[in-house]
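Single-letter residue listing:
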Amino acid sequence: MKKKIIGWIFVFSTAAATLLIVSAIGFMLFEIIRGGWGKISWEFLTGAPAEGMTAGGIFPAIIGTVLLVLIMSVAAVPIGTITAIYLSEYANRNSIFTKLIRFAVNTLAGVPAIVFGLFGLGFFVQFVGGGIDKFISGDAQLHWGQPNILWASLTMALLTLPVVIVSVEESLRAVPRDLREGSLALGATKFQTIIKVVLPNAYTGILTGAILAVGRGAGEVAPILFTGVAYFLPHLPSSLSDQFMQLGYHLYVMSTQSTDVEATIGIQYATALVLLALTFLLNFSAVFLRYRLRAKAI
Amino acid sequence: MILNRTQTNGISTDRNTRSSAHHYTASKIAGGNINLKKRFRIGEFIAENIIKGVSFISFAVIVLIFIFVFREAAPIFSPAKQTSTTNTELVQETYGEESSTANETVTEQKNKSVESSGSEGEATAQNLLGKEWQPVSENPKYGLLPLIVGSFKVTFIAVLIGAPIAILAALYTSFFAPRKLREFLKPAIEFLSGFPSVVIGFFALVTLASLFQNLFGYQYRLNAFVGGIALSLAAIPIIYSVTEDALSAVPKFMTEASLALGATKWQTALFVVLPAATPGVFAALLLGVGRAFGETMIVLMATGNATLMSMNFFEPIRTMSATIGAEMAEVVFGDTHYNVLFFIGSILFIFTFILNAVAEFYVRNKLQKKFQGTA
Amino acid sequence: MTTETKIVTKNLNLHYGEKHALKNISLDIPVNRVTALIGPSGCGKSTFLRSLNRMNDLIDNAKIDGSVLIDGTDIYHNGIDVVELRKKVGMIFQKSNPFPKSIYDNVAYGPRINGIHDKKILDEIVEQSLQRSALLDEVKDDLKKSGLALSGGQQQRLCIARALAVNPDVLLMDEPASALDPIATAKIEELIYELKENYTIVIVTHNMQQAARVSDYTAFFYIGSLIEYDETKKIFTTPKEKQTEDYITGRFG
């Protein structure tokens, strides 16, 4: 009898814990939608901040976020895909080189976002950017050696690299061995097999990886804090050496740095809602693609 | 049976009579008798090496992070060099005559820069263990203790709250949930990891903080507790996900054996499967700790950011990551404050690096040993 | 044996890690004949087959020694190009594995990777290959259809057509009909019979009737060793070894 009660309590607590998580997610979603829904309008989405950021819209932050993830993808997706190809197709499981790469990918996935920010500042902004400036002007004339959207995007690309690698590698491994052997047995080389047989069958995985990375990159703020994001800009970025506004950072400054936090609470909620909607849309489509891929693999 | 070299010719004539099209292709491909001699395929060679080279980037980045984060942190450990360079420069340019009176604070205004660079240079290394963090004052103090304590405190709260919930939920998902529900639960909870941390921070700042203050009636609206709860929302999905994977990796025969012996489902879950999956659960915890410890935006927004050192969970704290996030944008490049912030970054990096490495190696070895011979 | 020899293996040994999968196999395979490899599951017949076009190279811990000579050339010699080897020694797998491409693209795959892009030549090769694999009549109006839309037997014949399109000398078949129904199997067997006129065929089969029907020579493998090798007629009527007799009369395996 006593055992039965313990068992009941145990099962109940596992269910309660699950319910707690799900309701926390629900509560958070509800709160942000409730607070932000009323503020969302066409003007809000397409207008620039006005009156010292206490009014107006978030258009520059949306554009900045989109540009950031686009440039980031251009760097992260090819590098991630190629690394995944190496790990899945070329790597000898036991070679030291492979272990090193795998360890690096796992480590990279665990490096705190803020450390990427520091690295971006130390490496991209100061070392690379400063180096370019010195090379071009030979003088301390700062052009590339300061935070901008390129360095922010590249920093973000490093953060999202493991996301791409893991996702693409999974999809490459889901390509049946039969097909590879079929191609090799016809006298195709390894690279021909990869290009003509493996990759065409893994494109959903590559797409999933790219979307997941974009979703992650759109939501992160820490890596760009000192590599390119700006509090407020009167104009949209027009070159890679411009600074930019970003949704997450906008939400952060509006809710913590603003002089009158109460006055802009509507903007804050609405910004959070837009950011959430954006990342959800991305994540949801990635999850959908991935589940379809898994279903196909089985 | 003697191998007859000429037989290949026999075959190729044979082949040539097959058809005109194949006759054509045969000669086009390899002339009937394919030459098996190894060829150097330049395209293949280049492709393989490019792929290998690109995949090396991941490793190179890790090394570069090490180098560049540490490089910017390094000057604080070489006070002599630093004082000699920055000091003399400053001294010569501005306050040449007053450099000898560095420790006197009579003419505060004028002495400021000399004094700070002078006393900083020698004092940082010891100062780092101090209890005060006042980087932008007349006499800057770089005591990291409150920040370290803050980081550990909020991480502790986050994991203390998040881990049991996440592990229990993982048990529910893999054992007790009806099939249909399970297919919904895992992606749903993993969806939480898709919440941008700045949104979680915002939620904690505007909603949780007031809610808990009303509920518990403590003094400070933003504090370690609120930050910890918010942070647990970031740690839960990773702990949950890795634990769930570990639970479902336990071989079926173990569960079945237990059930066949008359154990109930919950007894099997608690006494057979959970222990068998311990290494995985442990790894999940380590990864959760790493995630919470390194998180920036949530703690920056929800913990109050005061550098207090106390055991009270309801007082504001300031973490290492939040300090970097809040102060880096305002420092002068190359300044001691700047170096110290990088030093904090190095600590964060090393700590999470070790956690990840332990999680990976521990789990891989343990799990392999445990289930060896069963696979 | 009086016919010319195409493939000779000498003291071929293969290890998968600790496991000794092939033990000292020495076998001469005659040209333009069908040689069947039979034996119980796990006896090494498929492994042996895969060592004839070096598909075992793909397995990380496989270690091979001894030699395999095709037309007198040792294919395990350092200077051998595996890619070229596989063009000469085609392979048909147990589970048909057409690429998820159209029928046409499946057959044209091999010629294309060999640099043939002339549409006219490709058309001709595709047609000829499909003709030879006895599939043309069934698919000729629908070459754009996905290879995966075909029935199991058709898919396997598509794979044969795909292999023929690269113009090999040797065809290795790894239980090509094991997943097929009797009618599809009969078609494949008929096809094998026709193909041996031009190709040296080595076929692994689980089905002894099939071995008896299609092959000229039969090798019986048991636990990694070659027990007996002779003309099929002799193997199935007057086997020399007790184990062979036991196996073909169904006493084990």
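Reading guide: rules and limits
- Residues numbered from 1 in each chain as written.
- Chains lettered and ligands numbered in written order.
- Predicted model: local features only at pLDDT ≥ 70, side-chain atom pairs only at ≥ 80, totals over all residues.
- Heavy atoms only, no water.
- Pairing = 2+ DSSP bridges.
- Helix = DSSP H or I, 4+ residues; strand = E, 2+ residues; numbered from the N terminus.
- Domains from an automatic or database assignment.
- Contact = heavy atoms within 4.5 Å.
- Buried area = accessible area lost by both parts, 1.4 Å probe.
- Polar contact = N/O pair within 3.5 Å; in protein donor to acceptor, adjacent residues only side chain to side chain.
- Nonpolar A, V, L, I, M, F, W, Y, C, P; charged D, E, K, R; others polar.
- Salt bridge = Lys/Arg side-chain N within 4 Å of Asp/Glu carboxyl O.
- Buried < 20%, exposed > 50% of the residue type's maximum accessible area, 1.4 Å probe, protein only.
- Phe/Tyr/Trp six-rings, centres within 6.5 Å; stacked < 30°, edge-to-face > 60°.
- Lys NZ or Arg CZ within 6 Å of the ring centre and 35° of its normal.
- Patch = residues over 30% accessible without salt bridge, like charges linked within 9 Å, V, L, I, M, F, W, Y side chains within 5 Å.
- Areas by Shrake-Rupley, 256 points an atom, 1.4 Å probe, with all protein chains shown as cover.
- Lys, Arg positive; Asp, Glu negative; His and termini not counted.
- Charge placed at Lys NZ, Arg CZ, Asp CG, Glu CD.
- Axes fitted to C-alpha atoms, helices over the stretch in contact; angles between N-to-C directions.
- Left-handed = near helix turned anticlockwise from the far one by under 90°.

Residue and element names in this part refer to chain C. With eight bridges joining them, strand β1 (residues 5-16) and strand β4 (residues 62-70) adopt antiparallel strand pairing. In the strand pairing of β4, Leu-14 is matched with Ile-64. Strand direction decides the pairing type here: β4 and strand β5 (residues 73-74), joined by two bridges, are antiparallel. Looking at β5, one finds that Leu-69 is bridged to Asp-74.

In this section: the domain arrangement of chain B. Residues and elements named next belong to chain B. What the domain assignment lists for chain B is domain 1 (2-74), domain 2 (81-127) and domain 3 (145-374). On the domain 3 side, the residues contacting the eight residues of domain 1 number nine residues. Carbon and sulfur atoms make up 79% of the area that domain 1 and domain 3 hide from each other, which totals about 740 Å². Summed over the shared surface of domain 1 and domain 3, the result is two residue pairs in polar contact (both at pLDDT 80 or more). Broken down by class, the residue content of the side of domain 1 that touches domain 3 amounts to seven nonpolar, no polar and one charged.

What follows deals with the interface of chain A and chain B. On the side of chain B, 75 residues touch chain A, which itself brings 77 residues to the contact. The contact between chain A and chain B buries some 6,800 Å² in all, and 83% of this surface belongs to carbon and sulfur atoms. The interface formed by chain A and chain B contains zero salt bridges. The tally of links between chain A and chain B comes to six residue pairs in polar contact (both at pLDDT 80 or more). Mapped onto the side of chain A that touches chain B, the elements with two or more residues apiece are α1 (2-37), α3 (59-90), α4 (96-110), α5 (113-137), α6 (149-173), α8 (190-198), α10 (247-256) and α11 (265-297) of chain A. Tallied by class, the residues present in the side of chain A that touches chain B amount to 55 nonpolar, 19 polar and three charged.

Pairing between side chains becomes possible if they bear opposite charge and their charged atoms approach one another. Enumeration over the complete set of coordinates arrives at 32 salt bridges over all chains. Glu169(A) is paired through a salt bridge with Arg102(A); the nearest N and O atoms lie 3.0 Å apart. One end of the pair, Glu169(A), is in helix α6; the other, Arg102(A), is in helix α4, and 67 residues separate them in sequence. Exposure remark for Glu169(A): the relative accessible area of 10% places this residue in the buried category. In this structure, Arg71(B) and Glu72(B) form a salt bridge, with 3.3 Å as the shortest nitrogen-oxygen distance. For Arg71(B), a relative accessible area of 42% translates into the label partly exposed. Exposure remark for Glu72(B): the relative accessible area of 11% places this residue in the buried category. Salt bridges sharing common partners tie together Arg39(B), Arg41(B), Asp81(C), Glu84(C) and Lys87(C).

Turning our eyes to something else, we now look at the packing of aromatic side chains. This model, assessed by the stated rule, comprises 49 aromatic pairs over all chains. Between the aromatic rings of Phe124(A) and Trp151(A), the centroid separation amounts to 5.9 Å while the plane-to-plane angle is 5°, which identifies the pairing as stacked. Residue Phe124(A) is located in helix α5, and its partner Trp151(A) is located in helix α6; the two are separated by 27 residues in the primary sequence. Accessibility classification places Phe124(A) together with Trp151(A) in one group, the buried group. For the cation-ring pair, Lys52(B) lies above Phe97(A), with the distance from its terminal atom to the ring centre recorded as 5.1 Å.

The subject of this paragraph is the side chain of Asp230(C). Residues and elements named next belong to chain C. Position of Asp-230 among the secondary structure elements: in strand β10 (residues 225-231). Relative accessible area serves as the criterion here: at 11%, Asp-230 is assigned to the buried category. At 3.0 Å, the side chain of Asp-230 and the side chain of Lys-240 are in polar contact. For Asp-230, the contacting residues outside a window of four places in its chain are Tyr-217, Thr-218, Ile-235 and Lys-240.

What follows concerns unusual backbone geometry. The phi angle of most residues is negative, glycine excepted, and most peptide bonds adopt the trans form. Residue and element names in this part refer to chain C. The phi angle at Asn-32 is positive, at roughly 50°, despite the residue not being glycine. Counting through the fold element by element, Asn-32 comes out in the loop between β2 (19-30) and β3 (34-38). The phi dihedral of Ala-134 is positive, around 60°, even though this residue is not glycine. When you line up the elements, Ala-134 lands in the loop between α4 (119-132) and α5 (136-139).

A contiguous patch of positive charge, built from Arg179(B), Arg182(B), Lys252(B) and Lys265(B), is present on the exposed surface. Locating Arg179(B) in the fold gives a position in helix α7 (residues 179-191).

Let us look at the packing of helix α6 (residues 145-176) of chain B against helix α9 (residues 224-249) of chain B. All names here are of chain B. Taken N-terminus to C-terminus, the directions of α6 and α9 make an angle of 35°; their axes are 6 Å apart at the nearest point. Where α6 crosses over α9, the two elements pack in a sense that is right-handed. A breakdown of the residues in the contact of α6 with α9 according to their chemical character gives 19 nonpolar, seven polar and two charged.

Moving on to the environment of Ile195(A). Residues and elements named next belong to chain A. By the element assignment, Ile-195 lies in helix α8. Residue Ile-195 is classed as partly exposed on the basis of its relative accessible area, which comes to 41%. As for Ile-195 and Trp-42, which are separated by 153 residues in sequence, their C-alpha atoms are 44 Å apart.

A few words now on the pairing of β2(C). All names here are of chain C. Where β1 lies against β2, eight bridges are found, and the strand directions are antiparallel. Residue pairing in the sheet places Tyr-16 in a bridge with Lys-19 of β2. Hairpin connection of β1 to β2: two residues between the antiparallel strands, including Gly-17 at a positive phi of 60°.

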